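Report on the structure
The primary structure of each chain is shown beneath.
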Amino acid sequence: MDVIYLLDLFGTFVFAISGIRMASRTDMDIFGASVVGFVTAIGGGTVRDLLLDSHPITWMADMNYPIVILAAVPFTFLMGKKLNNYSKTLFLFDTIGIALFTIIGMEKALSFGLNPFMAGMMGMISAVVGGITRDVLCREVPLIFRKEIYATACLAGAVVFYLGIEIDLPDNLNYLLTTGVIIGIRTVSIRWNLALPKMKRV
Amino acid sequence: MDVIYLLDLFGTFVFAISGIRMASRTDMDIFGASVVGFVTAIGGGTVRDLLLDSHPITWMADMNYPIVILAAVPFTFLMGKKLNNYSKTLFLFDTIGIALFTIIGMEKALSFGLNPFMAGMMGMISAVVGGITRDVLCREVPLIFRKEIYATACLAGAVVFYLGIEIDLPDNLNYLLTTGVIIGIRTVSIRWNLALPKMKRV
Amino acid sequence: MDVIYLLDLFGTFVFAISGIRMASRTDMDIFGASVVGFVTAIGGGTVRDLLLDSHPITWMADMNYPIVILAAVPFTFLMGKKLNNYSKTLFLFDTIGIALFTIIGMEKALSFGLNPFMAGMMGMISAVVGGITRDVLCREVPLIFRKEIYATACLAGAVVFYLGIEIDLPDNLNYLLTTGVIIGIRTVSIRWNLALPKMKRV
């Protein structure tokens, strides 16, 4: 469980970095970049908690989240272009973040008595809303709507995780398996440049 | 009441189609189009429920809403350009959707003890927030802010509906009358190309 | 306390005007401009109340807020270009609005038992979310992310306000001091054209 928590913080950190980096490519100052980093990192969990009526909102009750996010600002600033050398590492942790946000969102929703379908939706919302908000604030058509098997990986992970619960897989094993599936799908889709078909114009 | 519920589902379906179609004109993949369809269909009701602190959120407690929305994706995809032949039908159901979302939102707000003005606002929020979110995600200045007597029709419907309650009109008749007024105003405004005056630059 | 309430309403009025004016520079009709004015004025307080799970949402329980906002629409329309002659007055009241929204947001958060850091965040959210939403609806990269010491002034005000509470400063004096600090920082930064450094591209 402690490992999960640490990885969740790490995912939060990496999500914040992704927000700060995208903001830095628009005309934003440091404050703006910090806000975008913050929203990217906590947006998904916040919307999930509001929809579930779960209070206090996770990051409002645990200072570690804001601390980790604020730490991402000087970190990103100091690392600068050097971050490009670590794009594979960032990608890995970003994917772990997505996987964990999906799993944690699903667990929370199931504990609130939602059915598996709704729990899967809450998991996906936890994983994708932050990135969507980031893109809207930076005036991009949300990346997740255009490229990558990002959300499909989430969805597959959600299915695997639920099946794991149904067949009474030990929690840790289930976490590992779900995360593995999500990392696997994302890695394969990037390597072979797979993408969902475009929606034809109608 | 059953008729209201069925029409509400139908309105949800038509709203989802409008989201999917607009998404298809940007560079989105099928997942992105589905998300935009979803948000268009449930955005208004979700914001209304959050503002009223009404939990569970309507669509989270009734699988029929997600099912109808997910059904809209293959439907829109398969119909494709043929949908253009049904633009009058789509327009009619879209307007019925707006009318019903306004009425249902108002009734809910009144049952939560809000005054008629606030109830009218909740009705309008139910009807318009989905479309606004759709347009933001697709990077359009929200259509409703630029063209059509869309929201004015809502507003007129809200007034009629409230007066109907005040003079103890039977519910079904009030629904019918309100919907008729909204359909009437929208149809007339489209036919004679009426629009609100532009806001002058200040 | 009555003075605070009146100034809060005045800040709401001025925020609404800023929304309506920005909307008038896009292609919006009067309805669209009204909605943007509304969201600019109540967006920050609404998100704060949702995050704190504080119901009813402030403006939903006090008709004075909607009335003041709706009054801003004909006021802005009638004043038109003449408003440019009052840009210093508008700026002053806008800044007073920011200061009050920060203070009121912090007080509310502290009364909900949040720690000073989180209360400061809630204060800033109260002050800045409306403007950010306004800019997203008008398809601008949020102004606050690009220019001005706007949020920095908020942040400094939040620190001063909290220290004032800690040293048991009388409430009224603390309000005055905090507002003074925020007005001072904003005025100085505008006069000498100070801005936060841009985030470098990473």
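Here goes a summary of the coordinates provided.

Thresholds applied
- Residues numbered from 1 in each chain as written.
- Chains lettered and ligands numbered in written order.
- Predicted model: local features only at pLDDT ≥ 70, side-chain atom pairs only at ≥ 80, totals over all residues.
- Heavy atoms only, no water.
- 1 Å grid on protein atoms, 1.4 Å probe; cavity = no way out; pocket = protein on both sides within 12 Å on 5 of 7 lines; lining within 4 Å.
- Points joined across faces, edges and corners; volume = space filled by probe spheres on them.
- Nonpolar A, V, L, I, M, F, W, Y, C, P; charged D, E, K, R; others polar.
- Contact = heavy atoms within 4.5 Å.
- Buried area = accessible area lost by both parts, 1.4 Å probe.
- Salt bridge = Lys/Arg side-chain N within 4 Å of Asp/Glu carboxyl O.
- Polar contact = N/O pair within 3.5 Å; in protein donor to acceptor, adjacent residues only side chain to side chain.
- Helix = DSSP H or I, 4+ residues; strand = E, 2+ residues; numbered from the N terminus.
- Axes fitted to C-alpha atoms, helices over the stretch in contact; angles between N-to-C directions.
- Parallel < 35°, antiparallel > 145°, perpendicular 65-115°, else oblique.
- Left-handed = near helix turned anticlockwise from the far one by under 90°.
- Patch = residues over 30% accessible without salt bridge, like charges linked within 9 Å, V, L, I, M, F, W, Y side chains within 5 Å.
- Areas by Shrake-Rupley, 256 points an atom, 1.4 Å probe, with all protein chains shown as cover.
- Lys, Arg positive; Asp, Glu negative; His and termini not counted.
- Charge placed at Lys NZ, Arg CZ, Asp CG, Glu CD.
- Buried < 20%, exposed > 50% of the residue type's maximum accessible area, 1.4 Å probe, protein only.
- Least-squares fit on C-alpha atoms with pLDDT ≥ 70 in both.

Further remarks concern empty space enclosed by the protein. The probe, sized like a water molecule, is rolled over the atoms to show the empty space still left. Under the definition given, this model contains 1 cavity of 30 Å³ or more. The calculated volume of the largest cavity comes to roughly 30 Å³. Taken together, A:L50, A:D53, A:H55, B:L50, B:D53, B:H55, C:L50, C:D53 and C:H55 make up the lining of the largest cavity. Its residues assigned to classes, the lining of the largest cavity shows 3 nonpolar, 3 polar and 3 charged.

Below, the discussion takes up the interface of chain A and chain C. Accessible area lost upon the coming together of the parts is a frequently used measure of interface size. Facing the 31 residues of chain A at the interface are 30 residues of chain C. Where chain A abuts chain C, roughly 2900 Å² becomes buried across the two surfaces, and 72% of that area is made up of carbon and sulfur atoms. By the criterion of area lost to chain C, the three top residues of chain A are A:D29, A:F31 and A:M60, representing 22% of everything that side buries. Taken together, the connections running from chain A to chain C amount to 0 salt bridges. Summed over the shared surface of chain A and chain C, the result is 1 residue pair in polar contact (both at pLDDT 80 or more). Of all the secondary structure elements, the ones that give two or more residues to the side of chain A that touches chain C are α1 (2-24), α2 (30-52), α3 (64-79) and α5 (116-137) of chain A. With 9 residues, α2(A) is the single largest residue contributor to the side of chain A that touches chain C.

Packed helices, taken two at a time, are described by their axes: the angle between them and the distance between them. Residues and elements named next belong to chain C. Running from amino to carboxyl end, helix α4 (residues 87-111) crosses helix α6 (residues 150-166) at an angle of 45°, the nearest separation of the two axes being 10 Å. Here α4 lies oblique to α6, going by the angle between them. The handedness of the crossing between α4 and α6 comes out as right-handed. Facing α4, whose interface residues are D94, I98, T102, I103, M106, E107 and L110, α6 presents Y150, C154, A158, F161, Y162 and I165. Grouping the amino acids of the contact of α4 with α6 by side-chain chemistry returns 10 nonpolar, 1 polar and 2 charged.

A cluster of basic side chains, namely A:K200, A:R201, B:R25, B:K81 and B:K82, defines a positive patch on the protein surface. Take A:K200: it is sitting in the segment after α7 (171-191). The class of A:K200 is partly exposed, set by a relative accessible area of 39%.

Here the focus is the relation of the copies chain B and chain A. Placing chain B over chain A gives an RMSD of 0.0 Å and needs a rotation angle of 120°, together with 0.0 Å of translation along the axis. What we have between these two chains is a three-fold relation. An overlap of only 13% is found between the interface residues of chain B and their copies at the interface of chain A, pointing to separate contact surfaces.

Now for the interface of chain B and chain A. Listed by partner, the interface residues are 31 residues for chain B and 30 residues for chain A. For the chain B and chain A pair, buried surface summed over both sides reaches about 2900 Å², with 72% attributable to carbon and sulfur atoms. Of all residues in chain B, B:D29, B:F31 and B:M60 give up the largest surface area on contact with chain A, accounting jointly for 22% of the area buried on that side. Remark: the boundary between chain B and chain A carries 0 salt bridges. Joining chain B to chain A, the criterion identifies 1 residue pair in polar contact (both at pLDDT 80 or more). Secondary structure elements with two or more residues in the side of chain B that touches chain A: α1 (2-24), α2 (30-52), α3 (64-79) and α5 (116-137) of chain B. A total of 9 residues in the side of chain B that touches chain A trace back to one element, the largest contributor, which is α2(B).

Counted under the stated rule, the structure contains 12 salt bridges over all chains. Among the salt bridges present, the one from A:D94 reaches A:R186, with a minimum N-O distance of 3.3 Å. Note that A:D94 is positioned in helix α4 (residues 87-111) and A:R186 in helix α7, a separation of 92 residues in sequence. Residue A:D94 is classed as buried on the basis of its relative accessible area of 15%. Notably, a salt bridge pairs B:K108 with B:D49, separated by 3.0 Å at the nearest N-O pair.

Honestly, that's just the spatial picture; any functional story needs more than this.
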